[in-house]
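Okay, here's what each chain looks like letter by letter:
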Amino acid sequence: MALSDEPAAGAREEEAMAAEEGADPDPEALAARGAFDSFGESSETRELLGHLRAVRGDPVAREVALERFRVIMDKYQEQPHLLDPHLEWMLNMLLEIVQDKASPSALIHLAFKFLYIITKVRGYKIFLRLFPHEVADVQPVLDMLTDQNPKDHETWETRYMLLLWLSVTCLIPFDFSRLDGNLTTESGSTQVPVMDRILRIAESYLVVSDKARDAAAVLVSKLITRPDVKQKKMAAFLERSLCALAHSSLQTLGGVVTADGVLQALAQIFKHGKREDCLPYATSVLKCLDNCRLSESNQTLLRKLGVKLVQRLGLTFLKPQVAKWRYQRGCRSLAANLTLPAQGQRAQTPQAVVTVDSDEDYDVPEEVEHVIGELLAGVKDRDTVVRWSAAKGIGRMAGRLPRELADDVVGSVLDCFSFQETNDAWHGGCLALAELGRRGLLLPSRLTDVYLQNCATNTIIESQNAFIICKEVLYPLPVIWHSPFTEQAFWPKVRTVTGMVSRKPPSGLHPEKQLPPLCWSKSVAVILKALTYDEKRGACSVGANVRDAACYVCWAFARAYAPQELRPFVGEISSALVIATMFDRDVNCRRAASAAFQENVGRQGTFPHGIDILTAADYFAVGNRSNCFLAISVFVAGFPEYTQPMIDHLVTMKISHWDGVIRELSAKALHNLTRRAPEYSASHVLPRLLSLTLSPDLHTRHGAILACAEVTHALSRLAAEEGRPTAHYLDGKTVDGLKQIHHELYGRQLYRGLGGELMRQAVCVLIEKLSLSKMPFQGDTIIDGWHWLINDTFRSLHLISSHSRQQIKEVAVSALTALCSEYHLVEPGERSPATQDVLVLQYLAELRSPEEMTRCGFSLALGALPDFLLKGRLQQVLTGLRAVASISPEDLNFAESRRDAVKAISRICQTVGVKAEGSPDEVVCKVNVPQIYSTLLSCMRDYTTDSRGDVGAWVREATMTSLMELTLLLGKTEPGLIGADICEQVLCCLAQQASEKIDRFRAHAGKVFIALLHLDNPPIPHVPHRVELETIFPRSDVATVNWNAPSQAFPRVTQLLGLPTYRYHVLLGLVVSVGGLTESTVRYSTQSLFAYMKQIQGDVQAMAAFSGTLLQVFQDNLSNDRVSVPLLKTLDQMLANGCFDIFTVEENHPFAVKLLALCKEEIKKSKDIQKLRSSIAVFCGMIQFPGDVRKKVLVQLSLLLCHPFPIIRKATASQVYEMVLTYGDEVMDAAALDEVLAVLGDTAWDAELQVVRGQRNRLCDLLQVPRPQMVSKPRPC
């Protein structure tokens, strides 16, 4: 990227805006930034620079020092001025190395790398001022630069810094010819003058591909603009540069590099050179640029440099004067503005000054028009950096133009804000307006055109002698147009009326729909529209940068204009900025709008309730989108100036947004805001939404239905709270419109096809909200239609995309619950038997569907039924759900249906309640409690896996939640129903899950275990080892323990190994973690297990109990690879770490004998490579047990040495070799040790079995174990 060769005009304002907009959303980062008040690493930096000579020879130490220095410097990227007091001594220490003739080249290059890091952070313009730049420095720097190799890519920092250093030495006030002396040597050859040498080097570096090219452009500009050089070299250099530019191919890398260097150099020359020196060449350069067609290049950097050079040329054509006609704001006191509202009186603000230019009659060159055209085209470029450069160029150019011509430029910029223009043009137009405004070049008389731009065409919709302005033209004026007709009926009658400028509305326009007088001549709010600009492109949209730039315009205008100038637009600006702060989709736009609002509050002092709003909607608060939509918006809507504009914006823009999340949040926001304006919502908003429910646009239809549901629910709740009937807000026409939504969608088959998912979800929400609103639909056919939709949705779940399935399933279940509770209850506590038979029997029948998703839906549907529909058939429902929750061969992979069945069982228990002596068909009682627990505990053993992984974990997670809910329910109502055996099984299963390998499920199990343990009033009865458990898991640690972290979970869980009741289940889960794959889980579980083993090493009884449990786990899980493979790995680690040394003192210890038998049984006929390799390690570890066990282990290893798989043979030989080195003295005679090692090490164990078998037999003889005998397979008859 090119050097930042120009200080951006108003850089302080831009930096302030960036700080308020929040380039870094991390609060900790912001806090850390503010903590720097000085260069705190001064001493460390001095030590680093002082040790450069010592680390030069060590590449590692050199790289460490360089990286450390880079880290230190990078901390101050945002506060580089803190380095200023320390730059001089850092520069002196590094230049001392550079200027020392004894310094090796590697050390000099290292010093220049450090210099470059400082330059990168502080900026070359500041840092270069400190470099020595006397006459005596020119020649040494030039000689050092001459000695550099431009092709050495490792030392580009050296060349970059030397070129910059040489550029500052070019500022010496002496003629370069004085440095030449006698150019003829004694041998008769002629030396090259210093001027030519510098120019030649600079030109050579303009075409290199590294960053030295940027420094070369700076050097050329400083050299060519010298008085003694420009006379001799400027014309020739420009001619060569233009020739190189004209012959550069922008399609090749070399051509792009050349063009980049030349453009940078020309831009720097026309920036630093005097106008009278550059003016003769400006026209030629402009023509060359036109011929190059840089605007058509696909290289962003070249287009940016082209725009930069064009604006420099334009400034050269114009006189360097500041426009006297510009607007100058008088007072900018924040204190005066903030005290204005408090005092309640008008402050005497000095009047802004607009002076008339007395020198506007000079001729403006023709080239200026071409330059302005190029800049206006650059404003519409596809890349932001080009648009930003063009916008700054327009501001600079307009500042030198006469008032009338500058006004034409403003008009051309306003032309960017057309609906035919792209988002790039809108963005560039906003940037240009901001530049014009803050330079005082956008006069107050033009503000009306900025906030209300002329529109030559108004789109009018005619229907029944009424004209209605389209929402695209209308928005964001605070008027909502509504009609009983749908958009679909309007569109065929659209006609366009051109040139309508009359302030009088057309005759026949309904009084309710009359426009404000100004709307007929000035109808499109430019900046206000830009604040909500959002153009859909495919599956996403563009426009975030436009909205951000529009916020920048508002921010800049707040600083540029006096309060009285913006007072006519305060209502529109404040409402638009509040809307952007609350409801913009992108966090950077919300923060930018908040910053602009804050600036207006401080600078203008006229925004209604500004301080109160800023307190609630500060930088961090608007970072959370849901908080903005659902919480902050309610607070802001409490101020009447903002209530209606916020509601109008949601209805007009957000419910039809392309992002479904925004539509849903907007509907919920409308629910909350309805309380602030109930009459307006009922009379204007709801009819408008109803007309949009049949919109041809899918997103509009979806959002409108959601919004209808939420607004209706809010109005009904408000009516209930006020003690009024619902009809107070909802008239019969509105109620009929709500009822007809389902019929209309069904008749048009809008539940099918691509949009069917959204329609089902929206109407299910509508059903729920209308049921909760107690709409008078009892006995209406619409109830059957709603039931059909819900049931059909459950049957069609397998046809719905996976990312939407869960949400649709949840809203359908919620809708069913609300629908049944409101419309199927005949009398309080009484049910309709016919309805119960139809629903319950139908749902039970669907549980046997071959489609998994259908089972899921109807399982949850049964769980969602109210208690009056379940009573009398509870046992039948539980039996059906129990069948779904059980694993059978034909539905082994139906994990999701089992999960939802478990959830349904828990929810049903919560719904019907508990009564110990009650009927099993009515409530949860002593008869069905054991059956329910049996079902749930069996689901805790679901470890089904498929291509998705451990899908059984979904079932186990749901089961843990259900066990907790059921146990807490029983504990609070009928604790006597919790038997000792049930309590023990529940806690043991939870302990096992809390010791397993998946963090998420381990954490969930731990939290459930703690919740049951510490339940009070009354406590859970029959908890085994309650006192010990409360010691291991004290109540004080409940909130602090992070069960997701293996480092915190396993040290606590392994303590349960000391409790006999929990030992088996904890060990069953722990061996899976110790033998797992996740590094952190394996490390901490292993450490915790070994720490426990160390505690019981000396306790024979504890070791016997532990080893017996371990063997029992092994025996119970033979051929269960989920447990047996990690168990073998766990045994390997335990044997290697001497955990069973206490058993090695006894020959043929029962533990060793049984372990050997279990290992042999596990690998019998196995072809699992991982299992076989794990067993080899266990066999080698068991060699430490004396007696017959050792002989049998050696026999087993000798069998594995001739395994059919070569990889197993090689692994066995390797493990046995290590085993012999470790236990050789115990296994064999010392005389045979060397020979055994030689056979193991020299044999190619992956060779043919005949060869390997001979070596294996030789080993058996040396180890004094019988040779394995070949067993012939019986031939089939």
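Note that the structure is a prediction, hence the values are computed from the model and not measured.

**A short note on the pattern of salt bridges**
Here comes step 1: Applying the stated criterion across every chain yields a total of 57 salt bridges.
Here comes step 2: Asp214 serves as the salt-bridge partner of Lys211, at 3.5 Å between the closest nitrogen and oxygen.
Here comes step 3: Taking the shortest distance from any N to any O, the salt bridge between Asp381 and Arg303 comes out at 2.8 Å. With Asp381 in the loop between helix H18 (366-379) and helix H19 (384-398) and Arg303 in helix H16 (residues 300-317), this pair connects stretches of sequence that are 78 residues apart.

**Notes on the environment of His81**
Here comes step 1: Within the secondary structure layout, His81 lies in the loop between helix H5 (59-74) and helix H6 (84-99).
Here comes step 2: Put simply, His81 and Ser38 are 43 residues apart on the chain and 9.2 Å apart in space, counted from C-alpha to C-alpha.

**Observations regarding the packing of aromatic side chains**
Here comes step 1: Tallied over the entire structure, the rule returns 31 aromatic pairs.
Here comes step 2: Between the aromatic rings of Tyr116 and Tyr160, the centroid separation amounts to 5.5 Å while the plane-to-plane angle is 85°, which identifies the pairing as edge-to-face. In this pair, Tyr116 is assigned in helix H7 (residues 105-122) and Tyr160 in helix H10 (residues 156-169), connecting sequence segments 44 residues apart.
Here comes step 3: Residue Tyr116 is classed as buried on the basis of its relative accessible area of 14%.
Here comes step 4: Between Phe1140 and Phe1143 the ring centres are 6.1 Å apart and the planes differ by 15°, which places this aromatic pair in the stacked class.
Here comes step 5: Classification of Phe1140 by relative accessible area gives buried; the value is 1%.
Here comes step 6: Sitting over the ring of Tyr619, Arg591 keeps its end group 4.1 Å from the ring centre.

**With respect to the side chain of Thr652**
Here comes step 1: In this fold, Thr652 is placed in helix H32 (residues 640-654).
Here comes step 2: Within the structure, the side chain of Thr652 is placed 2.7 Å from the backbone oxygen of Asp648, a separation counted as a polar contact.

**Examining the nonpolar core**
Here comes step 1: Formed by 406 residues in total, the largest nonpolar core has its most connected members in Tyr1062 and Phe1140.
Here comes step 2: Apart from residues lying up to four places away in sequence, Phe1140 is in contact with Met1093, Met1103, Leu1110, Met1134, Leu1135, Phe1151 and Phe1185.

**Observations regarding the environment of Asn1120**
Here comes step 1: Mapped onto the fold, Asn1120 is located in the loop between helix H53 (1100-1116) and helix H54 (1121-1136).
Here comes step 2: Placed 42 residues apart in sequence, Asn1120 and Glu1162 show a C-alpha to C-alpha distance of 9.1 Å.

**Focus: the confidence of the model for the protein chain**
The predicted structure's coordinates, where accompanied by low pLDDT, should not be read in detail.
Here comes step 1: For the protein chain, per-residue confidence averages 85 on the pLDDT scale, and residues scoring 70 or more make up 87% of the total.
Here comes step 2: Per-residue pLDDT stays below 50 along residues 453-524; that stretch engages in 134 contacts with residues further than four places along the chain or on separate chains.

**Remarks on the packing of helix H44 (residues 895-912) against helix H46 (residues 952-973)**
Here comes step 1: Where H44 meets H46, the axes come as close as 9 Å, and the angle between the chain directions of the two elements is 10°. As judged from the angle between their axes, H44 and H46 are roughly parallel. Contacts between H44 and H46 involve Ala895, Glu896, Arg898, Arg899, Val902, Lys903, Ser906, Cys909 and Gln910 from the former and Trp954, Val955, Ala958, Thr959, Ser962, Glu965, Leu966 and Leu969 from the latter.
Here comes step 2: The class makeup of the residues in the contact of H44 with H46 is eight nonpolar, four polar and five charged.

**Regarding the state of the cysteines**
Here comes step 1: Tallying each qualifying case throughout the model produces zero disulfides.
Here comes step 2: Looking at Cys416, it has no disulfide partner, and the nearest cysteine sulfur is the one in Cys430, 9.3 Å off.

**Observations concerning the packing of helix H33 (residues 660-674) against helix H35 (residues 698-722)**
Here comes step 1: Contact pair H33 / H35: the axes reach a minimum separation of 8 Å and the direction vectors enclose 25°. Classified by the angle their axes make, H33 and H35 are roughly parallel. For the element pair H33 and H35, the recorded crossing hand is right-handed. The residues of H35 that touch H33, namely those facing Arg663, Glu664, Ala667, Lys668, Leu670, His671 and Thr674, are His699, His702, Gly703, Leu706, Ala707, Glu710, Val711, His713, Ala714, Leu715 and Arg717.
Here comes step 2: Among the residues forming the contact of H33 with H35, the class breakdown is seven nonpolar, six polar and five charged.

**So, the environment of Arg400**
Here comes step 1: Summarising the element assignment, Arg400 is placed in the loop between H19 and helix H20 (403-414).
Here comes step 2: Along the backbone, Arg400 and Pro320 are 80 residues apart, and their C-alpha atoms lie at a distance of 6.8 Å.

**Quick notes on helix H55 (residues 1150-1163)**
An α-helix turns once every 3.6 residues. As a result, residues three or four positions apart point the same way.
Here comes step 1: For H55, which comprises 14 residues, the first-to-last C-alpha distance of 20 Å matches the rise-based estimate of 20 Å (1.5 Å per residue) to within 8%.
Here comes step 2: Along H55, the positions that sit buried rather than exposed are Phe1151, Ala1152, Leu1155, Leu1156, Leu1158, Cys1159, Glu1162 and Ile1163. All buried residues of H55 project into a common sector of 165° when viewed along the axis, lining one side.
Here comes step 3: Check the buried side of H55 and you find it contacts H53, H54, helix H56 (1169-1181) and helix H57 (1188-1200).
Here comes step 4: Lys1165 sits one or two positions beyond H55 and adopts a positive phi of about 60°.

**Some details on unusual backbone geometry**
Here comes step 1: In the segment running from Asn1017 into Pro1018, the intervening peptide bond is cis, with an omega of -10°.
Here comes step 2: By secondary structure assignment, the location of Pro1018 is in the loop between helix H48 (999-1013) and helix H49 (1026-1032).
Here comes step 3: At Lys774, a position not held by glycine, the phi torsion is positive, near 60°.
Here comes step 4: Considering the arrangement of structural elements, one finds Lys774 in the loop between helix H37 (756-772) and helix H38 (781-795).
Here comes step 5: Overall, the relative accessible area of 55% leaves Lys774 in the exposed class.

Parameters at a glance
- Residues numbered from 1 in each chain as written.
- Predicted model: local features only at pLDDT ≥ 70, side-chain atom pairs only at ≥ 80, totals over all residues.
- Heavy atoms only, no water.
- Salt bridge = Lys/Arg side-chain N within 4 Å of Asp/Glu carboxyl O.
- Helix = DSSP H or I, 4+ residues; strand = E, 2+ residues; numbered from the N terminus.
- Phe/Tyr/Trp six-rings, centres within 6.5 Å; stacked < 30°, edge-to-face > 60°.
- Buried < 20%, exposed > 50% of the residue type's maximum accessible area, 1.4 Å probe, protein only.
- Lys NZ or Arg CZ within 6 Å of the ring centre and 35° of its normal.
- Polar contact = N/O pair within 3.5 Å; in protein donor to acceptor, adjacent residues only side chain to side chain.
- Core = buried A, V, L, I, M, F, W, Y, C linked by side-chain atoms within 4.5 Å.
- Contact = heavy atoms within 4.5 Å.
- pLDDT = per-residue confidence, 0-100.
- Axes fitted to C-alpha atoms, helices over the stretch in contact; angles between N-to-C directions.
- Parallel < 35°, antiparallel > 145°, perpendicular 65-115°, else oblique.
- Nonpolar A, V, L, I, M, F, W, Y, C, P; charged D, E, K, R; others polar.
- Disulfide = S-S within 2.5 Å.
- Left-handed = near helix turned anticlockwise from the far one by under 90°.
- Expected span 1.5 Å × (residues − 1).
- Arc of directions from axis to C-beta.

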